[in-house]
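Structure assessment
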Amino acid sequence: MLETQEKTLSTESTTRMNGAKAIMECLVHEGVELIYGYPGGAIMPVYDALYDYQDQVQHVLTRHEQGATHAAQGYARVTNKTGVVFATSGPGATNLVTGLADALIDSTPMVCITGQVFAKLLGTDAFQETDVISITMAVTKWNYQITKASEIPDVMAKAFYIANSGRPGPVIIDITKNAQLELLDFAYKKTTAIRSYNPIQKADENELTKAAELLNNAKKPYILFGQGVTLSGAETELKQLVEKSGIPAAWTILGLSAMETDHPLNVGMLGMHGNYAPNVLTNECDVLFAVGMRFDDRVTGKVDGYAPQAKVIHLDIDPSEINKIIEADVALVGDAKETLQRLLPLIEQNVHPEWLQQFKDLDQMEWDKVIEKEIQPKEGLITMGEVIHLINEETEGDHIIVTDVGQHQMVACRYAKFAKHRSNVTSGGLGTMGFALPAGLGAQMGAPDRCVIAVIGDGGFQMTIQELATIAQTKTPLKILILNNQFLGMVRQWQELFFDKRYSSVELENPDFQMISEGMGVPAILTKERASLKADIQKWLNHEGPCLLEVRVGKENNVFPMVPAGATVAEIRLD
Amino acid sequence: MKEKFTICIFTENQVGLLHRLTTIFTRRHINIESLTTSEAELDGVHRFTISVECEEEQVEKLSKQLSKQVGTLEADYYREEETVWQEIALFKVSTNAFFNGTQLEEIIRSHRTRILEIEPNYVVLEQTGYKEDTQTLFEKLKPFGILEFVRSGRVSISKTNVPFKKEKETILKKEKH
Ligand SMILES: Cc1ncc(C[n+]2csc(CCOP(=O)(O)OP(=O)(O)O)c2C)c(N)n1
């Protein structure tokens, strides 16, 4: 099967061309339709080659290379395709580092191509030379420096294979200028295996049986799911498992939208600012089944006090995740979709009404103490939660929510409803402020028919604000929401709660966002009053092209519930 | 409890791979006590022997993360008692030192030290053994003046396992990528 595949994918004869054109040919062979990038001296031959491919491959000129990486990530997250980035050597390449780190920790497939000085100048401190390979070693799944044109087809094929197989991640290919200019005999063959890379293992049959036994006999079984479900396209299998077994399931922040919000067995979000019941009951379940998630410390709280009573089944594609944080009683190393398909027939039909009732009781407490006043406040300044709530009403959950980092992120992830899969794009593992505006651009370009909303704080917005110009230039109809509390809200919340309210460098005297946005070509609306909020949201969402809505929200509101640092998940606070 | 472990890694022979592997130690703040690398019995395959002192839990996680790097064929770790290992040390001492009595000669005989090279100005000695062995010799030679000293990292062979067996078979079958 693989062999025939390889044959049909390979071009039979070779064609003589230069390295730069070969790179474009590789991208075309890999089905790349969109590149984000920024040109410069060391990558000029590639940009020149690109000129002849404009009808096959769209290139989007972002306003900063970091923006290019986040845009590529946003695109990759909603399409499951590999995001592609071009940048020049030196400063162009160093500007990619944050995006690479973000993509690595959130397992996003991305291939970045950077120009490099001539091979003969490597190591001589040549103009715009930087040791990209060393710099990016710790933030890439793989990286490689091409110094000869003849290496291009093989290395590019490997890059795409590695980026988007197994646990996906970012790859950077650094290409010296001479390799872009030299001639080669081009033939392309997709990589389908690498001997020193084992992307997918098959979960052990015995472990599978043990998992089924534990789940079938459990009194209080509990499923936690993360992005692994989305990455492997296992949404259907997850739902089948949940429905057949009657087991309540909670999502991590990257697991959002892998199941619809309103599913009766979806019990909500885990983590520091997640929902009350899913956190508290983690420490009451008897069998905990983790699917495609990695027990991030924002999810576990104090590890010693994390589900000590439970038998743990851990399903992950990456063997190094097993026992990394939480000891697994049963380890399923494999692809989520394939493994759940094998597990399903072993699972008995069941229901757990009393156990579910426990979730409902705690949900009620959270509603009374937190949610009601957050999403339906009767007085005071506008809250972030009510804005998200009104958006839900407008879109009925048929939207893609892209979030930046901070209070607005937690609020958006808590309250946004998801009716469709692959509808959540956030910087989870790295928590990169400045992510959402460019990632929103990428997400909207990847899902042109969907309503894509970037939810951003007034702080993070100013980190990549220049991408407004890219959005305007590409006429990408992204809907941008600035939840302006005039503070670095999340840091302020911590200073209030844990540093005696000593507000240290968290207050923002902001520019006029409306003017900036309009100056950069994106129409903007400013909302200060609850009375006009709903109408403004409608106007904003119904606008044809890109549009920005700034909402002034309460300055010193806090996000609750909250698992304080050092506390167990069961010690989550409602106020 | 901290223990000594020997990590054995088989990799592709690629530029930068050593760096990629060492960043994994750096990230976990684990000090590399010694490191030896050279070509293994298969063409294009390198073998790393790395000794570390840490908790077993750490070395287990470390090995898994080393295994998962693209370019790593296999990574295993062993306790002290699970391997046979050696280190090699070279000593350069002044030739004159041999002319003051038989003491130096006796040390060399009793340690079964090899003489690699004799020049008018210096003699190069070789001692293979555990670190304690080469260290003892070092202490004994010190009074005679050591001009230069070097000790290698460990090379080790496992007693319990035939590492890399499966991979070796498949690699020999498969075409190189
Ligand atoms: C690049 C970067 N720098 C610093 C931080 C630390 N940080 C986390 S949240 C936050 C405040 C974010 O403020 P804002 O964007 O206004 O959002 P809010 O919390 O007010 O909703 C900061 C500074 C970060 N996550 N990323």
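Residues numbered from 1 in each chain as written. Chains lettered and ligands numbered in written order. Predicted model: local features only at pLDDT ≥ 70, side-chain atom pairs only at ≥ 80, totals over all residues. Heavy atoms only, no water.

In terms of helices and strands, chain B carries 5 helices and 9 strands. When the helices and strands of chain B are placed in sequence order, the string is β-α-β-β-α-β-β-α-β-β-α-β-β-α. Its C-alpha radius of gyration of 20 Å places chain B more than 25% over the 16 Å reference for a compact globule of 177 residues. Residue burial in chain B is summarised as follows: out of 177 residues, 42% are buried. Long-range contacts, defined here as pairs at least 24 residues apart, represent 76% of the contacts in chain B between residues at least 6 apart. When the accessible surface of chain B is split by element, carbon and sulfur atoms take 50% of a total near 10200 Å². Charge centroids of chain B, computed over 26 positive and 29 negative side chains, lie 3 Å from each other. (Helix = DSSP H or I, 4+ residues; strand = E, 2+ residues; numbered from the N terminus. Rg over C-alpha atoms; globule rule 2.2 N^0.38 Å. Buried < 20%, exposed > 50% of the residue type's maximum accessible area, 1.4 Å probe, protein only. Contact = heavy atoms within 4.5 Å. Areas by Shrake-Rupley, 256 points an atom, 1.4 Å probe, with all protein chains shown as cover. Lys, Arg positive; Asp, Glu negative; His and termini not counted. Charge placed at Lys NZ, Arg CZ, Asp CG, Glu CD.)

At the junction of the two partners, chain B supplies 22 residues and chain A supplies 20 residues. Contact between chain B and chain A buries roughly 1900 Å² in total, counting both sides, with carbon and sulfur atoms accounting for 51%. Where chain B meets chain A, there are 2 salt bridges. Measuring nitrogen to oxygen at the nearest pair gives 2.7 Å for the salt bridge that ties Glu-12 of chain B to Arg-195 of chain A. Between the two partners, chain B and chain A, sit 11 residue pairs in polar contact (both at pLDDT 80 or more). Mapped onto the side of chain B that touches chain A, the elements with two or more residues apiece are helix 1 (17-27), helix 2 (56-68) and strand 4 (72-79) of chain B. (Buried area = accessible area lost by both parts, 1.4 Å probe. Salt bridge = Lys/Arg side-chain N within 4 Å of Asp/Glu carboxyl O. Polar contact = N/O pair within 3.5 Å; in protein donor to acceptor, adjacent residues only side chain to side chain.)

Before going further, it helps to spend a moment on the confidence of the model for chain A. On average, residues of chain A carry a pLDDT of 97, and 98% of them reach 70 or more. A low-confidence stretch, residues 1-8 of chain A (pLDDT under 50), is modelled with 4 contacts involving residues beyond four sequence positions or located in other chains. (pLDDT = per-residue confidence, 0-100.)

So, about the domain arrangement of chain A. Residues and elements named next belong to chain A. Partitioning chain A into structural domains gives domain 1 (3-186), domain 2 (205-358) and domain 3 (382-552). For domain 2 versus domain 3, the distance between C-alpha centres works out to 30 Å. Each partner contributes residues to the interface: domain 2 has 19 residues there, and domain 3 has 19 residues. When domain 2 packs against domain 3, close to 1500 Å² is buried across both sides, 59% of that on carbon and sulfur atoms. When residues of domain 2 are sorted by the area they lose upon contact with domain 3, Ile-253, Ser-257 and His-273 head the list and together hold 36% of the total. Taken together, the connections running from domain 2 to domain 3 amount to 1 salt bridge. The tally of links between domain 2 and domain 3 comes to 7 residue pairs in polar contact (both at pLDDT 80 or more). Partitioning the side of domain 2 that touches domain 3 into residue classes produces 9 nonpolar, 6 polar and 4 charged. (Domains from an automatic or database assignment. Nonpolar A, V, L, I, M, F, W, Y, C, P; charged D, E, K, R; others polar.)

Before going further, it helps to spend a moment on the site of the ligand. Residues and elements named next belong to chain A. Taken together, 18 residues sit near the ligand, with Gln-407, His-408, Gly-431, Gly-460 and Gly-489 positioned nearest. One of the side-chain N or O atoms of His-408 is found 2.8 Å from an oxygen atom in the ligand. Between the ligand and Gly-460, the relevant distance is 2.7 Å, taken from an oxygen atom to a main-chain nitrogen or oxygen of the residue. Burial of the ligand by the surrounding chains reaches 77%, relative to a free accessible area of 580 Å². Within the residue set of the shell around the ligand, elements represented by two or more residues are helix 18 (407-415), helix 20 (458-461) and helix 22 (489-498). For the shell around the ligand, the class distribution of residues is 8 nonpolar, 9 polar and 1 charged. (Near = heavy atom within 4 Å.)

A few words on helix 1 of chain B. Along helix 1 of chain B, the residues classified as buried are Leu-17, Arg-20, Leu-21, Thr-23, Ile-24 and Phe-25 of chain B. Against strand 6 (142-146) of chain A together with strand 1 (3-12), strand 2 (32-39), strand 3 (45-54), helix 2 and strand 4 of chain B lie the buried residues of helix 1 of chain B. In the segment just after helix 1 of chain B, His-29 of chain B is the residue with positive phi, at about 55°.

Right, let's talk about helix 4 (residues 65-79) of chain A for a bit. All names here are of chain A. Across its 15 residues, helix 4 extends 21 Å between first and last C-alpha, which sits within 8% of the 21 Å expected from 1.5 Å per residue. Most of helix 4 is tucked away, with 15 of its 15 residues classed as buried. Once helix 4 finishes, Asn-80 follows within two positions and takes phi at roughly 70°, a positive value. (Expected span 1.5 Å × (residues − 1).)

All names here are of chain B. Locating Val-123 in the fold gives a position in strand 7 (residues 122-129). Residue classification places Val-123 among the buried residues on the basis of a relative accessible area of 3%. The sequence separation of Val-123 and Leu-137 amounts to 14 residues, and the corresponding C-alpha distance is 15 Å. Not counting residues within four places of it along the chain, the set of residues in contact with Val-123 comprises Phe-91, Lys-92, Val-93, Thr-95, Phe-98, Ile-115, Glu-117 and Ile-118.

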